[in-house]
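Each chain, letter by letter, is given below.
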Amino acid sequence: VPQPAETKKNVMQQTMIRVKDPKVSLDFYIKTLGFKFISYSDFPQWGFSVYFVGYFSDDIPMPPKDDKDAIFEFCMKTPGCVEITWNHGSETEEGAVYNTGNGDATGTTNNEKVRGGFGHIGITVPDVYEACERYKSLGCTFHKTPNGGGMKGLAFIKDPDGYLIEILPQGEFITKEFDCDGVPLHGGQGYEDNSKK
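Keep in mind that this is a model prediction, so the values were computed, not measured.

**Overview of the pairing of strand S5 (residues 121-125)**
Burial along S5 is one-sided: the residues Ile121, Ile123 and Val125 are buried and none of Gly122 and Thr124 is. With five bridges joining them, S5 and strand S8 (residues 164-169) adopt parallel strand pairing. By the bridge assignment for S8, Gly122 is matched with Glu166.

Written out as structure tokens, the structure reads:
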């Protein structure tokens, strides 16, 4: 199907997630996953703040920090950002606050898991196994290690709110005999679709 000419300059700019504590989430997305901080906006009149993080080349200079209009334009033209939204006060609530969309009971009145719509955010890395060794050393929670499940050579970790982050190779799917949890390539469990739970 051909792309309409009127959409040629459009950019898939963001996926928005709501988080309980912005400091914890920003530490994860910047220090663990390596996203770069792009911009921040505070809306106290509506009780929320937004933070944009994304990947972009070091060859592309960020506008000066005091030029808010240029930073906003830069952000809106950067593909694949994550908009981290913090609803003020959520950081003081007990337990999980937001439903992650993956067979999660958070926020339901009957505590039953719901069929999720949202699935995950995906990032690509040069070597999935090496990246997962680093994530493990940083204390990340794994939903699936590279050799776990039926699909080998990809992984899922959880962000601080429980959203899944898929870790994929930037090229061919390469497998290794053992992964970061010591799971053998010819071990692990089969695939399970959590959206149907």
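Anyway, onward from the coordinates.
**What to know about the side chain of Asp161**
Considering the arrangement of structural elements, one finds Asp161 in the loop between strand S7 (155-158) and S8. Buried within the structure, Asp161 lacks any salt-bridge partner; its nearest side chain of opposite charge belongs to Lys20, at an N-O separation of 7.1 Å. A distance of 3.3 Å separates the side chain of Asp161 from the side chain of Ser25, its partner in a polar contact. Excluding residues that lie within four positions of it along the chain, Asp161 makes contacts with Arg18, Val19, Lys20, Ser25, Tyr98 and Thr100.

**Things to note about the nonpolar core**
Tyr29, Leu33, Tyr135, Ile157, Ile165 and Ile167 are the most contacted members of the largest nonpolar core, which has 29 residues in total. The dominant element in this core, judged by the number of residues it contributes, is helix H3 (residues 128-137), at four residues. Excluding residues within four positions of it along the chain, Tyr135 makes contact with Thr32, Leu33, Ile123, Val125, Cys140, Phe142, Ile157 and Ile167. Of all hydrophobic cores here, the second largest spans seven residues; its members include Phe52, Phe56, Cys75 and Cys81.

Scoring rules and cut-offs
Residues numbered from 1 in each chain as written. Predicted model: local features only at pLDDT ≥ 70, side-chain atom pairs only at ≥ 80, totals over all residues. Heavy atoms only, no water. Buried < 20%, exposed > 50% of the residue type's maximum accessible area, 1.4 Å probe, protein only. Helix = DSSP H or I, 4+ residues; strand = E, 2+ residues; numbered from the N terminus. Pairing = 2+ DSSP bridges. Lys, Arg positive; Asp, Glu negative; His and termini not counted. Salt bridge = Lys/Arg side-chain N within 4 Å of Asp/Glu carboxyl O. Polar contact = N/O pair within 3.5 Å; in protein donor to acceptor, adjacent residues only side chain to side chain. Contact = heavy atoms within 4.5 Å. Core = buried A, V, L, I, M, F, W, Y, C linked by side-chain atoms within 4.5 Å.

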